[in-house]
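Each chain is listed here by its residues.
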Amino acid sequence: TCPEEVDEFIDILEEAAEWLHSNNIKQWPPGMFRTPASRASMLTGIANKHYYTIDYHHPSEAGTYKREIAGLFVTNYDDPFDEILWKEYLTNQGKDWKDALYLHRLVLRAPYKGVGLTPKIIEFVEGKVQESGRHFLRLDCLAENERLRKFYGTKCRGAGKGGLEELPTVWNPDWGLEFARFELQVVPF
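Predicted model only: the values in this text are computed from it and were never measured.

Participant: Help me get a handle on the overall build of the chain, residues and values and all.
Facilitator: Broken down by element type, the chain carries 5 helices and 6 strands. The order of α-helices and β-strands along the chain, N terminus first, is α-α-β-β-α-β-α-β-α-β-β. Over its C-alpha atoms the chain spans a radius of gyration of 17 Å, differing by no more than 12% from the 16 Å that the globule rule assigns to 189 residues. Considering only C-alpha atoms, the chain reaches an extent of 60 × 35 × 30 Å along its principal axes. Taking the intrachain contacts of the chain between residues at least 6 apart in sequence as the baseline, contacts between residues at least 24 apart amount to 61%. Carbon and sulfur atoms make up 51% of the accessible area of the chain, which amounts to about 10,500 Å² in all. Looking at the chain, you have 23 positive and 29 negative side-chain charges, and the mean spots of the two groups are 3 Å apart.

Put into structure tokens, the structure is as follows:
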């Protein structure tokens, strides 16, 4: 992942935002990734190695391969957004909200949906959890996105592995949104 790819990242995220909007899902409003602040945040995330691409290599007639970004995802450890969604609940459970790697903005372009890439991404992120010395993989989505909640909760890890544990939702009064939260303990205590 490099800064020169930021425009393609924005395009991929905006494609997803448009799809969500066209399906009446309020996750990401179209245009939100094209703002200067969003672009600056992405460039910082890229510099800090929080953005990852899912690359697909198409064979060409010349016998070479052409790289295409099939999707992307973001990881972080201590984002203020995650603190808002997780800290109070986890503190009440006797857990530390920073004892996790948080997965965000997992997006696949349309031709690559349903071909088994998400379980590979989850497995990769599980490895990053282990490398970091943390115990959990966590992610969230809007609570009203039933389709995504079902996917995360039942089969995002692939055949035979199931999904992540869905925890209680959280309402954020400042945003007027309810979020579903998911967790997987990757490393035992």
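So that's the structure; there's more coming.
Participant: I'd like to hear about the sheet that holds strand 3 (residues 100-108), residue by residue, with values.
Facilitator: Pairing between the strands of a sheet comes from backbone hydrogen bonds, and it takes one of two forms, parallel or antiparallel. Taken in spatial order, the 6 strands line up as 1-2-3-4-6-5 in an open sheet, and their pairing is mixed. Only two strands of the sheet have a single neighbouring strand rather than two, namely strand 1 (51-59) and strand 5 (165-172). Within this sheet the neighbouring strands show an average axis-to-axis angle of 30°, counted without direction. Both strand 2 (residues 65-76) and strand 3 contribute to a ladder of 5 bridges, which runs antiparallel. For Gly-71, the partnering residue across the bridge sits in strand 3 and is Leu-108. Its contacts with the sheet put helix 3 (residues 80-92) on strand 2, strand 3, strand 4 (136-142), strand 5 and strand 6 (177-185), and the angle it makes with strand 6 is roughly 70°. Across the sheet, helix 4 (residues 117-132) is in contact with strand 1, strand 2, strand 3, strand 4 and strand 6; its angle to strand 3 comes to roughly 155°.

Participant: Could you give an account of the environment of Asn-172, naming the residues involved and the relevant values?
Facilitator: Locating Asn-172 in the fold gives a position in strand 5. Excluding residues within four positions of it along the chain, Asn-172 makes contact with Ile-84, Leu-177 and Phe-179.

Participant: Kindly report on the side chain of Glu-14, identifying the contributing residues and their values.
Facilitator: Secondary-structure assignment places Glu-14 in helix 1 (residues 6-22). Within the buried core, Glu-14 has no salt-bridge partner, and the shortest N-O distance to an opposite charge, that of Arg-34, equals 4.6 Å. Of note is the side chain of Glu-14, whose polar atom sits 2.7 Å from the backbone nitrogen of Gly-31. Among residues more than four places away in sequence, those in contact with Glu-14 are Pro-30, Gly-31, Met-32, Phe-33 and Arg-34.

Participant: Report on the pairing of strand 6, specifying residues and quantitative values.
Facilitator: In regular strands, side chains alternate between the two faces of the sheet. Of the strand pairs in this sheet, strand 4 and strand 6 are connected by 7 bridges, and their pairing is antiparallel. By the bridge assignment, Arg-138 is partnered in strand 6 with Glu-183. The turn joining strand 5 and strand 6, which pair antiparallel and follow one another in sequence, is formed by 4 residues; a positive phi near 65° is taken by Gly-176.

Participant: Can you explain the packing of aromatic side chains? Please cite residues and give values.
Facilitator: Taken as a whole and assessed by the stated rule, the structure comprises 14 aromatic pairs. A ring pair is formed by Tyr-56 and Tyr-112, whose centres lie 5.3 Å apart and whose planes are at 50°; its orientation type is tilted. Taken together, the residues Tyr-56 in strand 1 and Tyr-112 in the loop between strand 3 and helix 4 connect sequence positions 56 residues apart. A relative accessible area of 7% means that Tyr-112 is categorised as buried. Grouped by ring-pair contacts, the aromatic residues Tyr-52, Phe-73 and Phe-124 constitute a single cluster.

Participant: An account of the pairing of strand 5 is needed here, citing residue identities and associated values.
Facilitator: Note that strand 5 and strand 6 share 6 bridges and pair antiparallel. The residue bridging Glu-166 from the neighbouring strand is Phe-182, located in strand 6.

Participant: Describe helix 1, listing the residues and the values that go with them.
Facilitator: Over its 17 residues, helix 1 extends 24 Å from the first C-alpha to the last, a length consistent with the 24 Å expected when each residue adds 1.5 Å. Looking at the buried positions of helix 1, the neighbouring elements they touch are helix 2 (36-47), strand 1, strand 2 and strand 3. Directly after helix 1, the chain includes Asn-24, whose backbone phi takes a positive value near 60°.

Cut-offs and rules
Residues numbered from 1 in each chain as written. Predicted model: local features only at pLDDT ≥ 70, side-chain atom pairs only at ≥ 80, totals over all residues. Heavy atoms only, no water. Helix = DSSP H or I, 4+ residues; strand = E, 2+ residues; numbered from the N terminus. Rg over C-alpha atoms; globule rule 2.2 N^0.38 Å. Contact = heavy atoms within 4.5 Å. Areas by Shrake-Rupley, 256 points an atom, 1.4 Å probe, with all protein chains shown as cover. Lys, Arg positive; Asp, Glu negative; His and termini not counted. Charge placed at Lys NZ, Arg CZ, Asp CG, Glu CD. Pairing = 2+ DSSP bridges. Axes fitted to C-alpha atoms, helices over the stretch in contact; angles between N-to-C directions. Buried < 20%, exposed > 50% of the residue type's maximum accessible area, 1.4 Å probe, protein only. Salt bridge = Lys/Arg side-chain N within 4 Å of Asp/Glu carboxyl O. Polar contact = N/O pair within 3.5 Å; in protein donor to acceptor, adjacent residues only side chain to side chain. Phe/Tyr/Trp six-rings, centres within 6.5 Å; stacked < 30°, edge-to-face > 60°. Expected span 1.5 Å × (residues − 1).

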